[in-house]
Amino acid sequence: MGHPPLEFSDCYLDSPDFRETLKSYEVELERTSKFLKELIKDGNSVITAIRGYSLAIQKFSQTLGMFQFDVIGESLTDDEINIAQSFQEFAGLLQEVEHDRMMLVQNASDLLIKPLEKFRKEQIGVTKEKKKRFEKDSEKYLSQIDKHLNLSAKKKDSQLQEADDLLDKERVNFCESSVDYVYQIHQVQDRKKFDVVEPVLAFLHSVLTLNNLTVEMTQDFMPYKQELQLSLQHTRNHYESTREEMEELMKRMKRPTQIRALGVSWVKYYCKYYKEGRQLLMVPCEQKTTAKQQLTLKSCIRRKTESIDKRFCFDVETIERYTPVTFQALTEGDRKLWMEAMDGKEPIYNSPIHNQAEMELNETGFKFVRKCINHIETKGISQEGVYRTVGSNIQVQKLLNAFFDPTHPGDVDFHSNEMDVKTITSALKFYLRSLSEPLMTYSLHRDLICAAKSDNLDTRLSEIHSLSYKLPEKNREMVEMLIKHLINVCSHSDENRMTPSNMAVIFGPTLMRAQEETVAAMLDIKFQNIVVEILIENCKKIFSDVPEDSTAAPVPPPRITPRKRQPITISKRPPRVFQALSHDHFHTENGQSDSPIAAAEVSTNPVPLQRSRPLGCAPQLPKDPPPRLALMPRPGSRQDKHSEPNAGRIDDTIQRSDSSAAAHGESGVYVSRVPSFQGRKVPPKGTPANREADCDGLTRTRSAGGPICRPPVRPPEPPSRFPASLKIPSAASSEAPS
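Residues numbered from 1 in each chain as written. Predicted model: local features only at pLDDT ≥ 70, side-chain atom pairs only at ≥ 80, totals over all residues. Heavy atoms only, no water.

Enquirer: Help me out: how do you make sense of the overall build of the protein in this one?
Expert: From N to C terminus, the protein includes 19 helices and nine strands. Expressed as a percentage of its 738 residues, the buried residues of the protein come to 42%. (Helix = DSSP H or I, 4+ residues; strand = E, 2+ residues; numbered from the N terminus. Buried < 20%, exposed > 50% of the residue type's maximum accessible area, 1.4 Å probe, protein only.)

Enquirer: Would you take a moment to explain the pattern of salt bridges for this structure?
Expert: If the charged atoms of two oppositely charged side chains come close together, the side chains can form a pair. Here the structure, examined in full by the defined rule, presents 21 salt bridges. Here Asp 195 makes a salt bridge to Arg 191, at a shortest N to O gap of 2.9 Å. In this pair, Asp 195 and Arg 191 both sit in helix H4 (residues 157-195), four residues apart, roughly one turn of the helix. Residue classification places Asp 195 among the buried positions, given a relative accessible area of 12%. Where Glu 240 meets Arg 243, a salt bridge forms, and the shortest distance between an N and an O atom there is 2.8 Å. Residue Glu 240 and its partner Arg 243 are both found in helix H5 (residues 197-254); the two are separated by three residues, about one turn of the helix. (Salt bridge = Lys/Arg side-chain N within 4 Å of Asp/Glu carboxyl O.)

Enquirer: I would appreciate a short explanation of the UniProt feature "coiled-coil region" (unreviewed entry) in the protein in the present structure.
Expert: Per the UniProt entry, the sites bearing "coiled-coil region" (unreviewed entry) are residues 225-252 in this numbering. Taken end to end, residues 225-252 comprises 100% helix and 0% strand; its first and last C-alpha atoms sit 40 Å apart. (UniProt positions renumbered as here; feature names shortened; annotations may be inferred.)

Enquirer: Just to check I follow, could you spell out the packing of aromatic side chains for this structure?
Expert: The description of an aromatic ring pair rests on the distance of the ring centres and on the angle between the ring planes. As enumerated under the stated definition, the model contains 18 aromatic pairs in all. For the pair Phe 404 and Tyr 431, a centre-to-centre distance of 5.4 Å together with 15° between the ring planes defines the contact as stacked. Linking Phe 404 in the loop between helix H8 (393-403) and helix H9 (421-434) with Tyr 431 in helix H9, this pair joins segments that are 27 residues apart in sequence. Both residues of the pair, Phe 404 and Tyr 431, belong to the buried class. Members of the aromatic cluster, each reached through a chain of ring pairs, are Phe 67, Phe 69, Phe 87, Phe 90, Phe 221 and Tyr 224. Lying over the aromatic face of Phe 527, Lys 453 brings its terminal NZ or CZ to 5.2 Å of the ring centre. The positively charged end of Arg 476 is found above the aromatic ring belonging to Tyr 469, 3.6 Å away from the centroid. (Phe/Tyr/Trp six-rings, centres within 6.5 Å; stacked < 30°, edge-to-face > 60°. Lys NZ or Arg CZ within 6 Å of the ring centre and 35° of its normal.)

Enquirer: Got a minute to help me understand the environment of Val 369 in this structure?
Expert: Relative to the elements of secondary structure, Val 369 occurs in helix H7 (residues 363-380). In this structure Val 369 comes out as buried when scored by relative accessible area, which is 0%. When neighbours within four sequence positions are excluded, Val 369 is seen to be in contact with Leu 428, Tyr 431, Met 478, Met 481 and Leu 482. (Contact = heavy atoms within 4.5 Å.)

Enquirer: It is not clear to me how the packing of helix H2 (residues 16-66) against helix H3 (residues 78-149) should be interpreted in this structure. Could you clarify?
Expert: For any two helices packed against each other, one specifies the crossing angle of their axes together with the interaxial distance. Contact geometry for H2 and H3: axes closest at 8 Å, N-to-C directions at 160°. On the basis of the axis angle, H2 is roughly antiparallel to H3. In this structure, H2 meets H3 at a crossing whose hand is left-handed. (Axes fitted to C-alpha atoms, helices over the stretch in contact; angles between N-to-C directions. Parallel < 35°, antiparallel > 145°, perpendicular 65-115°, else oblique. Left-handed = near helix turned anticlockwise from the far one by under 90°.)

Enquirer: Could you clarify how one ought to interpret the nonpolar core in this entry?
Expert: One broad trend across soluble globular proteins is that nonpolar side chains are buried collectively. By size, the foremost hydrophobic cluster in this structure holds 62 residues, and its most contacted members are Phe 368 and Tyr 387. With eight residues, the single largest contributor to this core is helix H12 (residues 473-490). Excluding its chain neighbours within four sequence positions, the residues that come into contact with Phe 368 are Leu 399, Leu 400, Phe 403, Phe 404, Phe 414, Ala 427, Leu 428 and Tyr 431. Of all hydrophobic cores here, the second largest spans 15 residues; its members include Phe 312, Val 316, Phe 327 and Met 342. (Core = buried A, V, L, I, M, F, W, Y, C linked by side-chain atoms within 4.5 Å.)

Enquirer: I tried to follow unusual backbone geometry on my own but got confused; where do I start?
Expert: Note on backbone geometry: most residues besides glycine have negative phi, and most peptide bonds are trans. Despite not being glycine, Asp 14 shows a phi value in the positive range, around 50°. At Arg 497, a residue that is not glycine, the phi angle is positive and equals roughly 65°. Its place among the elements puts Arg 497 in the loop between helix H13 (493-496) and helix H14 (500-511).

Enquirer: Can you help me understand the side chain of Arg 513 in this one?
Expert: With respect to the helices, strands and loops of the structure, Arg 513 is situated in the loop between H14 and helix H15 (519-523). The side chain of Arg 513 sits in the buried core without any salt bridge; Glu 517 is the nearest counter-charge, 6.2 Å away. Aside from chain neighbours lying at most four places away, what touches Arg 513 is Leu 432, Arg 433, Leu 435, Ser 436, Glu 437, Pro 438, Tyr 442, His 445 and Gln 528. (Lys, Arg positive; Asp, Glu negative; His and termini not counted.)

Enquirer: Where do I start with H14 in this structure?
Expert: Residues that lie three or four places apart on an α-helix share one face, since the helix turns once every 3.6 residues. Burial within H14 is extensive, with eleven of its twelve residues counted as buried. Listed as buried for H14 are Ser 501, Asn 502, Met 503, Ala 504, Val 505, Ile 506, Phe 507, Gly 508, Pro 509, Thr 510 and Leu 511. Contact partners of the buried residues in H14: H5, H9, H12 and helix H16 (525-537).

Enquirer: Mind showing me how you'd approach the pairing of strand S1 (residues 269-274) here?
Expert: A regular strand places its side chains on the two faces of the sheet in alternate fashion. Across six bridges, S1 lies against strand S2 (residues 279-284) in antiparallel orientation. Bridging across to S2, Lys 272 finds its partner in Leu 281. Taken together, S1 and the strand that follows it, S2, pair antiparallel across an intervening segment of four residues, in which Arg 278 is found at a positive phi of about 55°. (Pairing = 2+ DSSP bridges.)

Enquirer: What is the right way to look at the sheet that holds S2 in this model?
Expert: Whether parallel or antiparallel, the strands of a sheet pair through hydrogen bonds between backbone atoms. Spatially, S1-S2-S3-S4-S5 is the arrangement adopted by the five strands of the open sheet, whose pairing is antiparallel. Every other strand in the sheet has two partners, leaving S1 and strand S5 (325-328) as the edge strands with one partner each. Strand-to-strand twist in this sheet, taken as the mean axis angle between neighbours without regard to direction, amounts to 45°.

Enquirer: When you look at the confidence of the model for the protein in this model, what are you seeing that I'm missing?
Expert: The predicted coordinates of low-pLDDT regions are not to be read in fine detail. Averaged over every residue, the pLDDT of the protein is 75; residues scoring 70 or more account for 70%. Segment residues 550-562 is flagged for pLDDT under 50; beyond a separation of four residues in sequence, or across chains, it makes 14 contacts in the model. Confidence drops under pLDDT 50 across residues 578-583; counting only partners more than four residues distant or on other chains, this segment forms 26 contacts. (pLDDT = per-residue confidence, 0-100.)

Enquirer: Teacher, can you tell me more about the pairing of S2 here?
Expert: As paired strands, S2 and strand S3 (residues 293-302) are joined by four bridges and run antiparallel to one another. If you follow Met 282 over to S3, its bridge partner there is Gln 293.

Enquirer: Would you take a moment to explain a nonpolar patch on the surface for this structure?
Expert: On the surface, a nonpolar cluster with roughly 240 Å² of combined accessible area is contributed by Phe 67, Phe 69 and Val 71. Its place among the elements puts Phe 67 in the loop between H2 and H3. (Patch = residues over 30% accessible without salt bridge, like charges linked within 9 Å, V, L, I, M, F, W, Y side chains within 5 Å. Areas by Shrake-Rupley, 256 points an atom, 1.4 Å probe, with all protein chains shown as cover.)

Enquirer: Help me understand the environment of Phe 312, please; the structure alone is not making it clear to me.
Expert: Turning to its location among the elements, Phe 312 is positioned in the loop between S3 and strand S4 (313-318). Among all residues touching Phe 312, those that are not within four sequence positions of it are Phe 327, Gln 328, Ala 329, Leu 330, Thr 331, Glu 332 and Arg 335.

Enquirer: For this particular structure, what's the right way to read the state of the cysteines?
Expert: Between two cysteines, a covalent bond joining their sulfur atoms is known as a disulfide. As enumerated under the stated definition, the model contains zero disulfides in all. Its sulfur unpaired, Cys 271 is 8.2 Å from the next cysteine sulfur, which belongs to Cys 285. Residue Cys 271 is classed as buried on the basis of its relative accessible area, which comes to 19%. (Disulfide = S-S within 2.5 Å.)

Enquirer: What is the right way to look at the environment of Pro 223 in this model?
Expert: Tracing the chain through its elements places Pro 223 in helix H5. Placed 345 residues apart in sequence, Pro 223 and Ile 568 show a C-alpha to C-alpha distance of 9.5 Å.

Following this line, the structure appears as structure tokens:
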């Protein structure tokens, strides 16, 4: 509820109502003083907290930037290079954000604290001083009235006249003090409406400006984030495939195949197996040789026929012994009974191909691969995780044994109920791995790995293209058939989730392997995957076009910007220059601005933020950047319902201005390997965009009728940026797609 006005004429009357009204103003003045004191205290706390948070983030970013990844091996894949550079990119982005935040902190005192303290000191403090004078003069005046009234009528006329003059003088002083005090109270009550709000507005504007810059940097960060996530996923897939191979190598090194020396004799036992406790009791038939033994069964596996010169054998792993114990049953039927009782399994790495001739590429092998491909493309090409999911080992062995049976080769019905897609994909991979020599051959393995390690992307492709023509004719035919099939599978990646990269992880170790299994060879599996991925992505060129010279890798044609292996980076915007302003630019009196800058030339941002990367964190741009992309025009911003009639012309002016900048290629930014969001050129000072802005303009014309209120729609979104391939929205649109 408002206070009644204080009339200057009431100062001369000095009525009780005047004193009561004056008292209510004094209470309000004291409440305002306490509020400002608390606001200044809380503002300092906010600034201190922001400074502490910013310093902590800067320390965190420095720790990130100092770390360097140390990897195993001589060369890195593209994905590993991206990961190795990621912490430096993170540190640079955080430093850039905190640089802007520290600019806010440095100016927060000038924008918020000092104006409020100035108002409290110069306005409220002066009012309190005038109050003291008013109270002093009031006391003297009332005291003089008491003395005047107590004068005796018997006094001389000269004394009475002197007393009257003194009373008039005190009255004049009291009235002057009262009028000055009332005037000062009115001044404080009126000035606090803008002198208190404007510093808070400037501080809030600076905070929101920082948030807007953070939103823009987040948009710049998103393409980098997506690319880095792909690199992380690819590296994880490479790790999983390498880990499986390395674990198998480790097991073979820990438990090497035992070669029995000449003269080793077999010991006959009478055996009993107790299934409930998995106890195997071994009683020697000849009591003199060895003592009775009792073992606890872990697993039972049928012994591969080609691995031992005796029949009906199976291996038993026990808890008590570190190496498997080989048993020989009396007959094949007896072995099956023992295997059934002990829950025996077929050997995982057993090859159903029994002789050397069948392990080579032949007509039966080609027929098997073609039938597998036809069935997969007919029944399971859209099945999620095709080739990644593994089928039943027993069914795979059954299919391979039946298809490669020397008596009836290829006589298998792939459409039977037992032949699911997982079984056929597993059988196809198993057959390719069982070949005596991988499809890409041992002789070309080293050259292919070296080609995958090349920094120049064109050299990679040309060398792999040339080396593929050095494959034997059957090998090249089989590889081409497989790669075309994998392309068909990858074309349904939206359903089966099998991208060329995922498929390369599966078929890299299948089509290529080193002749000697070592840890160094295992670390090169990731480059085998790269070779297969290049074959999938460039199948038409590699298998349709003959290299110019089959003896040497063709030299790629000259390029203005060579395609080289480069780490992905976060797109960098041009520096934003904001004119340094203080709260004085917000201050107006009697409708006139105190700032020497004309209203049309005032910057739309009240904080002196400089959007530039700190000296310690230089942008990590690739060595050979691609050509700059054209600047995209900004879409028209949302307008208030009370916008000027020429708002459409303003949008058109902005559109033409930005389009002309795009024609000259200004402010182009980029991200390696991905289309970059483009920077937006800030409209020059004095343009209608600055004068008519809804939210950013510092001066505005009071609209006729009704108070100024917040528009009924949400504030404008941050400026949108579109890749070059997207359709540019027209300037007439009031909203841009985010």
